[in-house]
Amino acid sequence: MTFEEFVEARLQALLRYAVMLAGDPHTAQDLVQETMIRAQLKWRQIAAADMPERYVKRMLTNVYFDLHRGSWLRRVVLRGVDLEATMEPRAVGDHADGLAERDQMWVWLGRLPRQQRAALVLRYYEGLTDGEIAEVLGRPVGTVRSWISRALATLRAQVGPALTKGAAP
Amino acid sequence: MDQLLRDTFARHENLVPIAPPGLHAAILTGARRRRARRRWAWTGLFTGVIVAVALLAVPVAPRPDGTRPQAAASSAPIHLLLVGIDRAGDEPPAQVRADSLVLVHIDPGARAAYAIVVPPDFPLDLPGLGPQRADGAYLVGGYKPAAEAISRLAGVRLDGGAVVDLAAMESITDAAGGLDLCVERRVQSRHLAYDDNGNLGEPGPGRAPVVYEPGCHHFDSREAVDYLRISAGSGDQRAVRAYLAALAAAASDPARLPALLTAAGQGLELHLGAGALGSLTGLAHALRAVDPQRVTAIRLPTGVPPGDGLYAALQTGRVGEWLAAHPQYKV
């Protein structure tokens, strides 16, 4: 598969995955752009891999983990202005449609440590097995399971009180 | 909880933007720019290694008759050409592209050296071979035509030159007894792997790629150069500086230095004229006056007028003044 063909076929899927990780379309687009630039530079190696898409997904996940230290973040911040002009209306519009209540969950997800969130996305959005998640994250299965269980515990602690509060009045 | 999470993710699919056409273009432009940056990183690496080795050679290398070399009597500028190639192992020279051409201008009076970096796509008029991209010049004609083309372009006589490849760097590093390097981020090697018996070799099926874990470790020569190659390839200059510092530290050990010098002499493909610059010791001698803090990298001006005054400055030995007036060419 050539790089062009890969972009043609998988760019949208990668954008979806990036949105689930980052939580917002702007960061997602920057994640994908940065990942694909890196992917193009080492394309021969990726094309030779068993599953090129998983390889690229792993790269994207690493770019996401590096969000706070990578130098590319500065470029993202600088570019933020023109992106907002083209993309903000749609995102805000969807948000404002009375979803605020239910999307408290989205907010809680956003507060999780990045590694825990990535593990959740891979399990509950991408539907991967723990072994596959471990492969994408480049960590042992045990570590991945403990991230997931910690993330679930955190979320349960937040959902619990919220549900009771919602039921009381 | 499981279902709640699945629903939450599914609900937010509407946040996913349709890939804008600009994204594809941005990826391609970005990749092109980054490739160019990797070349600069490589260039800096080769320049640093050879300057470091040559400088280190100075204090202890005695002449065959046992006397120590005297400081250069003349203060005329010295010009050297460095060719850096990303060649591993024993590939024949005819198969490789020169990743970088660097014209080094040494100003003994000011104790300064300037490394003038020729861009990879710069057209060079090779004698007898016609115009070529700078990064293909070594591939097409070897060292000599490239040196002549550079010499004619800048209007200066070259006092010597050297070709540096990965094998040369490995043998220098090997002579230093390996190096202690600190890794900041986990990296997996593309060029080295362990087989079942734990021996280092080329990557292949059933072999575990070498992984550089964060922290400070001792690297053998192959690992050190490999790590450096990966870091320089991703534009990470810190690793390059760390490598040079470790090499300098190893060379400050009197027990290791002789081996290091021998390795440098054998590993580098030297093209030195007769006279004072006829050997590595002579080259080191010539570089003796240079203060390591005063080595500056310069981008070769490619616009109009040709050289933007740099060539005249090279000929008259006034590169320092020229650079002060043209700071935009500083790398």
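The rules we used
Residues numbered from 1 in each chain as written. Chains lettered and ligands numbered in written order. Predicted model: local features only at pLDDT ≥ 70, side-chain atom pairs only at ≥ 80, totals over all residues. Helix = DSSP H or I, 4+ residues; strand = E, 2+ residues; numbered from the N terminus. Buried ≥ 20, exposed ≤ 12 C-beta atoms within 10 Å, placed from the backbone. Contact = placed C-beta atoms within 7 Å. Pairing = 2+ DSSP bridges. Expected span 1.5 Å × (residues − 1). Bend = angle between axes of the 7 residues up to and from the residue. pLDDT = per-residue confidence, 0-100. Axes fitted to C-alpha atoms, helices over the stretch in contact; angles between N-to-C directions. Parallel < 35°, antiparallel > 145°, perpendicular 65-115°, else oblique. Left-handed = near helix turned anticlockwise from the far one by under 90°. Nonpolar A, V, L, I, M, F, W, Y, C, P; charged D, E, K, R; others polar. Core = buried A, V, L, I, M, F, W, Y, C linked by C-beta atoms within 7 Å. Domains from an automatic or database assignment.

1. Thoughts on the overall build of chain B
Within chain B, the secondary structure is distributed over 11 helices and 13 strands. Each of the 331 residues in chain B was classed as buried or not, and the buried ones make up 37%. Nonlocal contacts in chain B, meaning residues at least 24 apart in sequence, comprise 69% of its contacts between residues at least 6 apart.

2. Notes on the overall build of chain A
Summing up its helical and strand segments, chain A has 9 helices and 0 strands in all. A burial count over chain A gives 30% of its 169 residues as buried. Taking all contacts inside chain A whose residues are at least 6 apart in sequence as the whole, residues at least 24 apart take part in 64%.

3. Observations concerning the sheet that holds strand E8 (residues 187-194) of chain B
All names here are of chain B. In space, the 3 strands of this open sheet follow the order E9-E8-E10, with antiparallel pairing throughout. Each edge of the open sheet is held by one strand with a lone partner, namely strand E9 (200-201) and strand E10 (208-212). Note: E8 against E9, 2 bridges, orientation antiparallel. Its bridge partner lying in E9, alanine 193 is registered against glycine 201.

4. Here's the deal with helix H1 (residues 3-22) of chain A
Quick reminder: α-helices carry 3.6 residues per turn. Residues three or four places apart thus point the same way. Compared with the 28 Å implied by 1.5 Å per residue over 20 residues, the 24 Å span of H1(A) between its first and last C-alpha is markedly short. Bending of H1(A) peaks at approximately 55 degrees at the position of Arg10(A). Buried residues of H1(A): Phe6(A), Leu14(A), Leu15(A), Arg16(A), Tyr17(A), Ala18(A), Val19(A), Met20(A), Leu21(A) and Ala22(A), and no others. In this fold, the buried residues of H1(A) make contact with helix H2 (25-41), helix H4 (52-65) and helix H7 (114-125) of chain A together with helix H1 (2-11) of chain B. Residue Gly23(A) follows H1(A) closely and has a positive phi angle near 90 degrees.

5. Things to note about the confidence of the model for chain A
Residue and element names in this part refer to chain A. When pLDDT is averaged along chain A, the result is 78, and 75% of the positions lie at 70 or above. Mean pLDDT values over the elements of chain A span from 42, in helix H5 (residues 72-96), up to 93, in H7. Scored below 50 in pLDDT, residues 74-98 makes 12 contacts in the model with residues more than four places away or belonging to other chains.

6. Things to note about the packing of H4(A) against H7(A)
Residue and element names in this part refer to chain A. Taken N-terminus to C-terminus, the directions of H4 and H7 make an angle of 150 degrees; their axes are 10 Å apart at the nearest point. Taken together, the axis directions place H4 and H7 in an arrangement best described as roughly antiparallel. The two elements H4 and H7 cross, and the hand of that crossing is right-handed. Listed contacts from H7 to Thr61, Tyr64 and Phe65 of H4 are Arg114, Gln115 and Ala118. The residue makeup of the contact of H4 with H7, split by class, is 3 nonpolar, 2 polar and 1 charged.

7. Focus: the nonpolar core
Counting residues in each nonpolar core, the largest one holds 56 residues, and the members touching the most others are Leu81(B), Leu101(B) and Ala146(B). Inspection of this core shows a minimum of three residues originating in each of domain 1 (33-154 + 274-329) and domain 2 (177-255) of chain B. Sequence-distant contacts of Ala146(B), defined by excluding residues within four places in its chain, comprise Val83(B), Leu101(B), Leu124(B), Leu126(B), Ala137(B), Tyr138(B) and Gly141(B). Core analysis: the next-biggest nonpolar cluster, separate from the first, contains 37 residues, Ala18(A), Leu60(A), Phe9(B) and Leu15(B) among them.

8. Brief notes about the packing of H2(A) against H4(A)
Residue and element names in this part refer to chain A. Across the interface, H2 lies against H4 with an axial gap of 9 Å and an inter-helix angle of 125 degrees. One element, H2, and the other, H4, form an angle in the oblique class. H4 is crossed by H2, and the crossing has right-handed handedness. On H4, the residues that touch Leu31, Val32, Glu34, Thr35, Arg38 and Ala39 of H2 are Val56, Met59, Leu60, Val63 and Tyr64.

9. Things to note about the interface of chain B and chain A
The partner chain A presents 29 residues to the 23 residues of chain B that form the contact. Of all the elements, helix H2 (residues 21-57) of chain B adds the most residues to the side of chain B that touches chain A, at 8 residues. Among the residues forming the side of chain B that touches chain A, the class breakdown is 12 nonpolar, 5 polar and 6 charged.

10. So, the pairing of strand E6 (residues 160-164) of chain B
Residues and elements named next belong to chain B. Across the 5 residues that make up E6, a large majority, 5, are buried. Pairing geometry for strand E1 (residues 78-85) and E6, over 5 bridges, is parallel. By the bridge assignment, leucine 80 is partnered in E6 with glycine 160.

11. Focus on the environment of Tyr194(B)
Note on placement: Tyr194(B) falls in strand E8. Between the C-alpha atoms of Tyr194(B) and Pro209(B), which are 15 residues apart in sequence, the distance is 6.2 Å.

12. Details of unusual backbone geometry
All names here are of chain B. The backbone of aspartate 308 sits at a positive phi, close to 50 degrees, despite the residue not being glycine. As for its placement among the helices and strands, aspartate 308 is situated in the loop between strand E13 (295-299) and helix H10 (310-316). The class of aspartate 308 is partly exposed, set by 18 C-beta atoms lying within 10 Å.

13. Considerations on the environment of Gln158(A)
For Gln158(A), the position within the fold is in helix H9 (residues 141-167). Each C-alpha atom of the pair Gln158(A) and Trp108(A) lies 7.9 Å from the other, and the pair is 50 residues apart in sequence.

14. With respect to the environment of Arg299(B)
Residue and element names in this part refer to chain B. Within the element layout of this structure, arginine 299 appears in strand E13. Residue classification places arginine 299 among the partly exposed positions, given that 16 C-beta atoms sit within 10 Å. Sequence separation between arginine 299 and valine 117 is 182 residues, and the spatial gap between their C-alpha atoms is 5.1 Å.

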